[in-house]
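Each chain, letter by letter, is given below.
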Amino acid sequence: MEAAARPDSPTIGELGESHTLARILPRLSPGDASLLGAGDDAAVVAAADGRYVVTTDLLVHGPDFRLAWSTPFELGWKAAATNLTDVAAMGARPTALVVAIAAPPTTLAAVLEGIADGLREGLAALAPGAGVVGGDLSASTVLTIAVTAFGDLEGRAPVLRSGARVGDVLAHAGARGDAARGLALLFAEGTDAAGEPDPDRAADVRARHPELVAAQLAPHPPVAAGVTAALAGATSMLDVSDGLARDARRIAEASGVGLDFDGEALGADLRVAFAGAEDHGLLATFPPDVAVPAPFEVVGRVVPAPGEVLIDGRGIDAEGWDPYSGWDGRSG
């Protein structure tokens, strides 16, 4: 990962929009599906079978990230990762991103350059061939990154949340609870006496727990596993961004079934795995006669308990992440 923005960089207010874009666009790749990239009023992206999937996500300074903890490169990487897994969860191959950034005019241009670098490298690592084809810049009192992602179904039907059937196998790919553990460490040890994020203390946490901090600030979700699951016959799937408890319930409610997790398969710290958010793994169901493909691991089964999420047949009380719960409005 790259270091924080250079302090000698001009601000975007000093440069203006055109010169800021001139510093950002060369750092980005339009990707293989782009027929016309950034430069016109809109991009043109190939959709091989006449359909595409589309999703959007926001990262806002305060509730979603803290500049005292994240480097600009990590912000770009995470902005890519959080959208790519939503495309993957539909069984599609990510093809293109459109990125809009609103930032205070005092923001250093190097910050936006770092975000662009993180977007480019995140795409190269997680979804080779996908690229950034356009976007927008604006002024704001709070740094905000908005990403819209597109994906190609390549002739397949989309994998929906509503397709799970009683008797299906429940499987998961990716980390379980690591991002929540990393965030808990940053809040516990990466803040000052007033509870505000502190870059020096966060750097110490990062040095002692690099994998857990990276899981929160720059996750490596199993994006390619979405297409793998679709090809293997997955009956339902979704991106686990709000914790296993909340996201599993979404499949259960949409499909009119229950999801019964195997406590032993999930590991010792069930509460972190169920309540912890932002791992961006994939939760899927497969017919019982299908060989569950790697990197998915079997973690339970689908049962006749509409809308219920269980562990070893018993109900759970974990809720997962809700962006409106517990947020006090501070952006520090």
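Preceding block: the structure.
Since the structure is predicted, the reported quantities are computational estimates derived from the model, not experimental observations.

Rules and cut-offs
Residues numbered from 1 in each chain as written. Predicted model: local features only at pLDDT ≥ 70, side-chain atom pairs only at ≥ 80, totals over all residues. Heavy atoms only, no water. Axes fitted to C-alpha atoms, helices over the stretch in contact; angles between N-to-C directions. Helix = DSSP H or I, 4+ residues; strand = E, 2+ residues; numbered from the N terminus. Parallel < 35°, antiparallel > 145°, perpendicular 65-115°, else oblique. Left-handed = near helix turned anticlockwise from the far one by under 90°. Contact = heavy atoms within 4.5 Å. Core = buried A, V, L, I, M, F, W, Y, C linked by side-chain atoms within 4.5 Å. Buried < 20%, exposed > 50% of the residue type's maximum accessible area, 1.4 Å probe, protein only. Phe/Tyr/Trp six-rings, centres within 6.5 Å; stacked < 30°, edge-to-face > 60°. Lys NZ or Arg CZ within 6 Å of the ring centre and 35° of its normal. Pairing = 2+ DSSP bridges.

Peer 1: Run through the packing of helix 2 (residues 72-88) against helix 3 (residues 109-126), naming residues and quoting values.
Peer 2: Between helix 2 and helix 3, the shortest axis-to-axis distance is 6 Å and the interhelical angle comes to 45°. In terms of their interaxial angle, helix 2 and helix 3 are classed as oblique. The two elements helix 2 and helix 3 meet at a crossing, and its hand is right-handed. In this structure, helix 2 uses P72, F73, L75, G76, W77, A79, A80, A81 and L84 to contact helix 3, whose residues at the interface are V111, G114, I115, D117, G118, L119, E121, G122, L123, A125 and L126.

Peer 1: Account for the nonpolar core, with residues named and values stated.
Peer 2: Counting 52 residues, the largest nonpolar core has L84, L97, V99, I101, L119, I145 and F296 as the members making the most contacts within it. Examining the composition of this core, we find that nine residues originate from one element, helix 2, more than from any other. Setting aside its immediate chain neighbours within four residues, L84 contacts P94, L97, L123, L126, A127 and V223.

Peer 1: Give a description of the packing of aromatic side chains that names residues and reports values.
Peer 2: For any pair of aromatic rings, the description consists of the separation of the ring centres together with the inter-plane angle of the planes. As enumerated under the stated definition, the model contains five aromatic pairs in all. Where F73 meets W77, the ring centres are 6.3 Å apart and the plane angle is 35°; that geometry is what we call tilted. One end of the pair, F73, and the other, W77, are both in helix 2, four residues apart, so they sit about a helical turn from each other. There is no split in this pair, since F73 and W77 are both buried. Above the ring of W69, the side-chain terminus of R66 is found at 5.9 Å from the ring centroid.

Peer 1: Give me the lowdown on helix 6 (residues 210-217), citing residues and values where you can.
Peer 2: Along helix 6, the residues that are buried comprise V213, A215, Q216 and L217. Along its buried surface, helix 6 packs onto helix 2, helix 4 (178-189) and helix 5 (199-208).

Peer 1: An account of the pairing of strand 11 (residues 297-303) is requested, with residue identities and associated values reported.
Peer 2: On a regular strand, one side chain projects to one face of the sheet and the next to the other, so that they alternate. Pairing of strand 7 (residues 169-173) with strand 11, which is carried by four bridges, proceeds in the antiparallel orientation. Bridge pairing links V169 to R301 in strand 11. For strand 9 (residues 258-261) and strand 11, the ladder comprises four bridges, and the chain directions are antiparallel. Pairing of D260 across the sheet is with R301, part of strand 11.

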